[in-house]
Amino acid sequence: MKYSPTFIIYILFYLFTTPQIIGQVMSANDCEFAIPICGSSNFGLEPDGVGLDEFSLPGNTAPPCYTFNNNTIWLSMTIVASGVLAFDIAPDNPEADYDFAVYGPTTDCTNLGDSIRCSSTNPQAAGISALTGLSTDEVDGDEGPGEDGNGYLQAIDVIAGETYFLLIDRALGSGGFSIEMTGTAGFPEQPIANATTNLSSCDMVVGVDGYTLYDLGALVSGIENGQANISTTFHTSLNDANLNINSLDELYTNTSNPQTIYYRVTNTISRCSDINQLELTTTLPTINVTLPQDLIICTDTDDAVVLTTKSGYSFYEWSTGESGPSLNSITVNEGGIYRVTVTDTNGCLATALTTVYTSQAPSIIDVLITQFNQNDNTITIVATGENELSYALNSPTFAEDNVFKGVPGGVYTVFVQDSSGCGIASQQVIILDYPRFFTPNNDGVNDRWAISNIENFPNAVTRIYNRQGILIKQLNAKDTNGWDGTNKYGRPLYSDDYWFSLQLENGLEKRGHFTLKR
């Protein structure tokens, strides 16, 4: 349906505000924002409210036949061809009472002067129809109130270049009205809001909700179709379009589905306008687009990950630049954000995103040990990684605790694993310890004394002393059999406590004592 002054249309006006008019109320109730009459046309309106009080200004005189303060609308009439100004005002409701006044010629709403026509006849009291207006058959310039008059006043001879203002007031009743220009005077040419195609689009967001972005600006050229001095605006309501307020951005996301959008073309010189409408319809796609989430690429390997979405759609386009009718899967070997846009058989699009993360194997910074504590030694693993770490000792059975207690002397392997699964770090650990006693009686049990695992330190030196501090025996790392309890002459020594000192190539020195029992 096209809203144009060449047809009778019905428009409901309320008081509106707009940020474009600073400190003002923009409304057809106000003379400053009077609706221009253009072309040889009919159109319909319904007033609501009174807007600003123009007659509080010293240059304006209130209509003498009636107090216009109920529900008013102002129209402006700029004459482009001399002739007779005449019109019919026809209420929709035959019981409504519409009054009017004409001011001019003037172009200044602050200096309207006196009205040149004023009609306030009550059609019910006068026993006439609700029609009112200007007619070439009348000679009176004012009438009313009550039963005074027949509803019509004398037409006005007008000259090209003049501007008149028409104040219309619904004094009683309800409903809108239509006005038809019936004289010979010419008005500015009516612009045309040319018909345009309705827009349809598919919801291309992962969370399908029926709302999507439309490029209304792409329609402007066709709507204007080469007309000069024309501006085009888009609105969500017919009222906004008529008052030219609350215009939409040309890139617009619909707020209902389907949604009617009204567009207005306005002649920037004459202010004449035309309104038309189009429909926005958002198709809900049948596509259920997903991509695997939380994927990880290990940077210290040559491994890659595969991104796969559902097969069977018409076309796939990936953010990597790869595309094709059957390309529902790609392989990537770098971290980043990846996107796939899928087209179904209806031409609808949907997009899915995923992030591929990168990680690397953990690193062991240090292994802290306590040793020479018999079976109560400890191992503490200090490691770093990009994610949560877990730890193991000797076998890859991992736990969150990085401290291992109650560890006997021995050779161990510690393991660290990153939760991303990007490899396992390991390191060998040696815990030294020594027997607190030995019994060199050749029974095959505890016959010799040695520091366990000392063979792993080839430059280690162990010295054994008696109570008097006399060196009894010196052992090198290659002496893996240890001390048999004899002196340097091979004679067995008595049961007693003996002392030792251990020096390792890393500077570690350990002193202690043990018992020889016979």
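Report on the accompanying structure. It should be emphasised that the depicted structure is a prediction, and the values quoted were computed from it without experimental measurement.

Observations regarding the sheet that holds strand β21 (residues 259-267)
Strand order across the open sheet formed by four strands is β17-β22-β21-β19, with mixed pairing between neighbours. Each edge of the sheet is formed by a strand with only one pairing partner; in this case those strands are β17 (199-202) and β19 (230-235). Strand-to-strand twist of the sheet, defined as the mean angle between neighbouring strand axes without regard to direction, takes the value 25 degrees. Two strands pair when backbone bridges link them, and β19 and β21 are joined in this way by six bridges, in the antiparallel orientation. Paired with I230 across the bridge in β21 is N267.

Quick notes on the state of the cysteines
In this structure the tally under the stated criterion is four disulfides. Here C65 is linked by a disulfide to C118, with a sulfur-sulfur distance of 1.9 Å. Its S-S torsion of approximately -80 degrees makes the covalent link between C65 and C118 left-handed. In this pair, C65 is assigned in the loop between β5 (42-46) and β6 (72-78) and C118 in strand β10 (residues 115-121), connecting sequence segments 53 residues apart. Of the residues examined, C65 reaches a relative accessible area of 10% and is grouped as buried.

Topic: the sheet that holds strand β28 (residues 336-343)
Within the open sheet, the five strands sit side by side as β23-β29-β28-β25-β26. Their pairing is mixed. Unpaired on one side and paired on the other, β23 (295-298) and β26 (323-324) mark the two borders of the sheet. Bridge analysis of β28 against strand β29 (residues 349-359) gives eight bridges, and the strand direction is antiparallel. Looking at the pairing, R339 lines up with L353 of β29.

Regarding the pattern of salt bridges
Where charged atoms from two side chains of opposite charge come close, those side chains can pair. Inspection of the entire model under this criterion finds four salt bridges. A salt bridge links R511 to E509, with the shortest nitrogen-to-oxygen separation between them at 2.9 Å. The exposure class of R511 is exposed, given its relative accessible area of 59%. For E509, a relative accessible area of 40% gives the class partly exposed. Within the structure, one salt-bridge network assembled from shared partners comprises R467, D496 and D497.

Things to note about a nonpolar patch on the surface
The grouping of I365, L368 and V382 at the surface amounts to a nonpolar patch, some 250 Å² of accessible area in total. Mapping V382 onto the fold places it in strand β31 (residues 377-384). V382 sits in the partly exposed class, given a relative accessible area of 30%.

Remarks on the packing of aromatic side chains
For the coordinates displayed, the defined rule picks out 18 aromatic pairs. The interplanar angle of 50 degrees and the centroid separation of 6.3 Å between the aromatic rings of F234 and Y263 together place this pair among those described as tilted. Of this pair, F234 sits in strand β19 while Y263 sits in strand β21; the two residues are 29 residues apart in sequence, bridging distant segments of the chain. On the basis of relative accessibility, which here comes to 2%, the residue F234 falls in the buried class. Residue class for Y263 comes out buried when judged on its relative accessible area of 0%. By way of ring pairs, the aromatic residues F372, Y434, F438, W449, W483, Y498, F500 and F514 are connected into one cluster. It is R436 that lies over the ring of Y434; its NZ or CZ is 3.9 Å from the centre. Of note, K517 hangs over the ring of F437, and the distance from its end group to the ring centre comes to 4.9 Å.

Reading the values: rules and limits
Residues numbered from 1 in each chain as written. Predicted model: local features only at pLDDT ≥ 70, side-chain atom pairs only at ≥ 80, totals over all residues. Heavy atoms only, no water. Pairing = 2+ DSSP bridges. Helix = DSSP H or I, 4+ residues; strand = E, 2+ residues; numbered from the N terminus. Axes fitted to C-alpha atoms, helices over the stretch in contact; angles between N-to-C directions. Disulfide = S-S within 2.5 Å. Buried < 20%, exposed > 50% of the residue type's maximum accessible area, 1.4 Å probe, protein only. Salt bridge = Lys/Arg side-chain N within 4 Å of Asp/Glu carboxyl O. Patch = residues over 30% accessible without salt bridge, like charges linked within 9 Å, V, L, I, M, F, W, Y side chains within 5 Å. Areas by Shrake-Rupley, 256 points an atom, 1.4 Å probe, with all protein chains shown as cover. Phe/Tyr/Trp six-rings, centres within 6.5 Å; stacked < 30°, edge-to-face > 60°. Lys NZ or Arg CZ within 6 Å of the ring centre and 35° of its normal.

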